[in-house]
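The chain contents come next:
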Amino acid sequence: MRVHPAYIFCLSTLLGACGGSSSSSSVPRSNTTEPTPFVLEETTIDEIHAGFRGERVLADGSPLSCESLTEMYIQRIYAYNDNPQPNGGLPIRGVLAINPQAINIAKDLDALYARDGGIGNRYLHCMPVLLKDNYDTFDYPSTQGSYSMLGHQAGVDANSVAGLRDAGALILGKANQDEFAFFTTGFSNRAIQVSNPYNTSESPAGSSSGTGASLAANFALGGTGSDTCQSIRHPSSVNGLVGIRPSLGVISQHGIFPLSHQRDTGGPMTRTVKDAALMLTAMAGVDPRDPKTLNFPQELRPSNYSNYLDRDTYGVKGQNIGVIKQLGTSADAAGTGTQGELIAAAAEKMREMGANIYDVYLPDFESKGAGTRHYDMNQYFEAFEAEGGSSERHCVSSLAVDADTAHNRSECSGIDGIIETGRVGPRTAALFALVAADDPNLAPTDDELQAIVDMRDYTTQVMNALVDADGNPVLDSAGEQVRIDALILSPGPSGGRTCDFGSTTQMGSIVVPVGFDDSVGVPRGMEIFVRQFDEGTGLGIAYDYEQATLHRKPPTIEASPLNANQTTAEFNARMQQALMDGAAVAPETLPLETYQKVLQDISGG
């Protein structure tokens, strides 16, 4: 591996912070084995833990600690996040805020390492993680990428965030996102435009755009996304990442600001399948606050999803893999153009690895949803407040509440409502107005929920007993009707709205890189789709394919020495760039007129 110039800069000018010679958390390395250099770019959790054991050392020969690792990531964010890149002319701007407590948390983790003589049962010990800005944390606000939500401070972590912390992860900060997770272009009014690190003139996709761009640029080891319709899958594809949109109920929806509780799920995004599997293990779990998790009882859940990363047992060989040739009215679900060619080549590669490849037809698939976004968002606010959350906002719209309104929102008045603040960005305002126009009391109906179940059953039945385009049984070499183990398709946008497939059926997907689209200089991925709660099968296939191909490559990006040696407070303040004139005042208390001018300027109005 080459040593990136940013790390040379960090280690040569900030040795005390980046190298450190007093780490009490590192076990002295053996004299019998010469350690190898630790390189931050493209590192993995295994390599980080090897560094803590002294098997990998920093450029000056000093041992790695959680504190030095965290400082290295922070310095990399300072140097690269806001620097316009030669590959497209724009800055990456994936990171929205750095956790002011990150270094103190790292010191605490170092103390635990010293106490336990190693990572103990913390399999994510000191994994620096960036959370999408719609994940609640007790120690830093979440704003959904919107000025209307400044100061929105949860009293408790989202359930999945608590799981990450329990496993030893370090919450490094918040990543930018499309405002309120509308759109898929990486635009929010807080950090303006997120760009794709491979070519900053290209889209990073969204709405988990900041997470995708940040991980591609090596600003953290792992990150979280949320996916209503492609918002984990598409950013993972175009940023060369592994992304998991698990079946609904694998990960609790608690503490993640919703779009649709019948389609939303959180999930991990990383640079490797193994790191994603470990993050999924930590984020998953039964949570009584989310009844969907009760459909997947603890006794049926894997103890660790990384157990499926045994290539001989769970790999591609012998798997029946279906390439989707028809999905409802679409004949392009496996991708068009370069992405379609790359996915076709991936299917052929899996055939060479011993998989049985079949065409799959799902002509009766239709996209389904349930309830209203207004109802789901107000339900979030009710739980948020019940758990000690503090926010200037209390509902979607104060004009849509009365004494009979669901979720006890009758006390929401004036600018307690998001829509009434006038601080929702112009690109999002019209869509959010449609949310406000939805019935706030309309919970999912039995018929709507049954339609989702029916579509999942239809998909599962086709996977269980494959038929051809004419409806005739497809038989294997032994004369038995084929049972499909996993499906492959495009994660978007090539191939149309394939995102509705997983979102409607509530079944699981893993995105893995399949190569690069040289015409635009960005990666592409494929979606490996599995039965409900069968993420292990998808991970086994994804890991074997990943290890056989190693398509993941980092982007070529340049640092700016002008942005080095900042403080976290300075960085976080600068990310409020559109409000810099009011920097002396808490942003949530600025006059409405200030926001109206800022939003006009952003939109060019």
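Here the structure is a predicted model, which is why all the values come from computation and not from measurement.

Structural notes on the overall build of the protein chain
Then step 1. A count of helical and extended segments in the protein chain gives 18 helices and 15 strands.
Then step 2. A compact globule built from 605 residues should have a C-alpha radius of gyration of about 25 Å, and the protein chain, at 24 Å, falls within 12% of that.
Then step 3. By principal-axis analysis of the C-alpha atoms, the protein chain measures approximately 70 × 70 × 45 Å.
Then step 4. Here the protein chain, with 605 residues, has 60% of them falling under the buried criterion.
Then step 5. Put simply, of all contacts in the protein chain between residues at least 6 apart along the chain, 75% involve residues at least 24 apart.

Some remarks on the nonpolar core
Then step 1. Grouped together as the largest cluster of nonpolar side chains are 98 residues, with contacts concentrated most on Met350 and Met526.
Then step 2. Per element, the largest residue contribution to this core is nine residues, and it comes from helix H4 (residues 66-80).
Then step 3. In this structure, methionine 350 is in contact with Val316, Ile321, Ala355, Ile357, Ile488, Met526, Ile541 and Tyr545, ignoring residues within four places of it in sequence.
Then step 4. Within the second largest apolar cluster, 20 residues are counted, among which are Leu327, Phe365, Val482 and Leu487.

A few points about the pairing of strand E10 (residues 265-270)
Then step 1. Judged by how many residues are buried, E10 sits mostly within the fold: six of six residues are covered.
Then step 2. As defined by bridge partners, strand E8 (residues 222-227) adjoins E10 across six bridges and the pair is classed as antiparallel. Looking at the pairing, threonine 224 lines up with proline 268 of E10.
Then step 3. In this sheet, E10 lies alongside strand E9 (residues 242-245) in antiparallel orientation, the contact comprising two bridges. Opposite glycine 243, over in E10, you have methionine 269 as the bridge partner.

Points about the sheet that holds strand E14 (residues 508-517)
Then step 1. The eleven strands lie next to each other as E3-E5-E4-E8-E10-E9-E14-E15-E13-E11-E12, forming an open sheet whose pairing is mixed. With partners counted over all chains shown, the strands left at the sheet margins are strand E3 (95-98) and strand E12 (356-362), one partner each. Mean inter-strand twist for the sheet, computed between neighbouring axes without regard to direction, equals 30°.
Then step 2. Bridging between strand E4 (residues 128-132) and E8 involves two bridges; their strand directions are parallel. Across the sheet, valine 129 pairs through a bridge with glycine 222, a residue of E8.
Then step 3. Here helix H6 (residues 159-166) sits on the sheet and contacts E4, strand E5 (170-175) and E8; the angle it forms with E4, its principal contact strand, is near 175°.
Then step 4. Running over the sheet, helix H16 (residues 535-549) touches E9, strand E11 (320-327), strand E13 (486-489), E14 and strand E15 (522-530) and is turned about 20° from E14.

Considering the pairing of E13
Then step 1. With burial as the criterion, each face of E13 is covered, one bearing Ala486 and Ile488 and the other bearing Leu487 and Leu489.
Then step 2. Across three bridges, E13 lies against E15 in antiparallel orientation. Considered in E15, the bridge of isoleucine 488 is made with isoleucine 528.

Let's talk about the packing of helix H9 (residues 273-283) against H16
Then step 1. Contact pair H9 / H16: the axes reach a minimum separation of 9 Å and the direction vectors enclose 160°. As the angle between them shows, H9 and H16 are arranged roughly antiparallel. Handedness of the H9/H16 crossing: left-handed. Note on element contacts: H16 touches H9 through Glu535, Leu539, Ala542, Tyr543 and Glu546, opposite Val273, Ala277 and Leu280.
Then step 2. A breakdown of the residues in the contact of H9 with H16 according to their chemical character gives six nonpolar, no polar and two charged.

Some remarks on the state of the cysteines
Then step 1. Considering all chains together, one arrives at three disulfides under this definition.
Then step 2. Across the disulfide from cysteine 66 sits cysteine 126; the S-S distance is 2.1 Å. Sign of the S-S torsion, about 90° for the bond between cysteine 66 and cysteine 126, identifies this disulfide as right-handed. Of the two residues, cysteine 66 sits in helix H4 while cysteine 126 sits in the loop between helix H5 (102-116) and E4, which places them 60 residues apart along the sequence.

Here's the deal with the pattern of salt bridges
Then step 1. Per the stated rule, a full pass over the model turns up 25 salt bridges.
Then step 2. For the salt bridge of arginine 190 with aspartate 133, the shortest nitrogen-to-oxygen distance reads 4.0 Å. With a gap of 57 residues between them, arginine 190 in the loop between strand E6 (187-188) and strand E7 (192-193) and aspartate 133 in the loop between E4 and H6 connect regions that are remote in the sequence. Judged on exposure class, the residue arginine 190 and its partner aspartate 133 are both buried.
Then step 3. In this structure, aspartate 287 engages arginine 289 in a salt bridge whose closest nitrogen and oxygen atoms are separated by 3.0 Å.

Notes on helix H3 (residues 45-52)
Then step 1. With seven of eight residues buried, H3 lies mostly within the body of the structure.
Then step 2. Regarding H3, the residues found buried are Ile45, Glu47, Ile48, His49, Ala50, Gly51 and Phe52.
Then step 3. Looking at the packing, one finds that the buried side of H3 touches strand E2 (56-57), H4, H5 and H9.
Then step 4. Within two residues after H3, glycine 54 carries a phi angle of roughly 90°, on the positive side.

Thoughts on the environment of arginine 483
Then step 1. Here arginine 483 lies in the loop between helix H14 (446-464) and E13.
Then step 2. The exposure class of arginine 483 is partly exposed, given its relative accessible area of 41%.
Then step 3. Sequence separation between arginine 483 and isoleucine 192 is 291 residues, and the spatial gap between their C-alpha atoms is 47 Å.
Then step 4. Not counting residues up to four positions away in its chain, the partners in contact with arginine 483 are Asn320, Met463, Asn464 and Arg531.

What counts and how
Residues numbered from 1 in each chain as written. Predicted model: local features only at pLDDT ≥ 70, side-chain atom pairs only at ≥ 80, totals over all residues. Heavy atoms only, no water. Helix = DSSP H or I, 4+ residues; strand = E, 2+ residues; numbered from the N terminus. Rg over C-alpha atoms; globule rule 2.2 N^0.38 Å. Buried < 20%, exposed > 50% of the residue type's maximum accessible area, 1.4 Å probe, protein only. Contact = heavy atoms within 4.5 Å. Core = buried A, V, L, I, M, F, W, Y, C linked by side-chain atoms within 4.5 Å. Pairing = 2+ DSSP bridges. Axes fitted to C-alpha atoms, helices over the stretch in contact; angles between N-to-C directions. Parallel < 35°, antiparallel > 145°, perpendicular 65-115°, else oblique. Left-handed = near helix turned anticlockwise from the far one by under 90°. Nonpolar A, V, L, I, M, F, W, Y, C, P; charged D, E, K, R; others polar. Disulfide = S-S within 2.5 Å. Salt bridge = Lys/Arg side-chain N within 4 Å of Asp/Glu carboxyl O.

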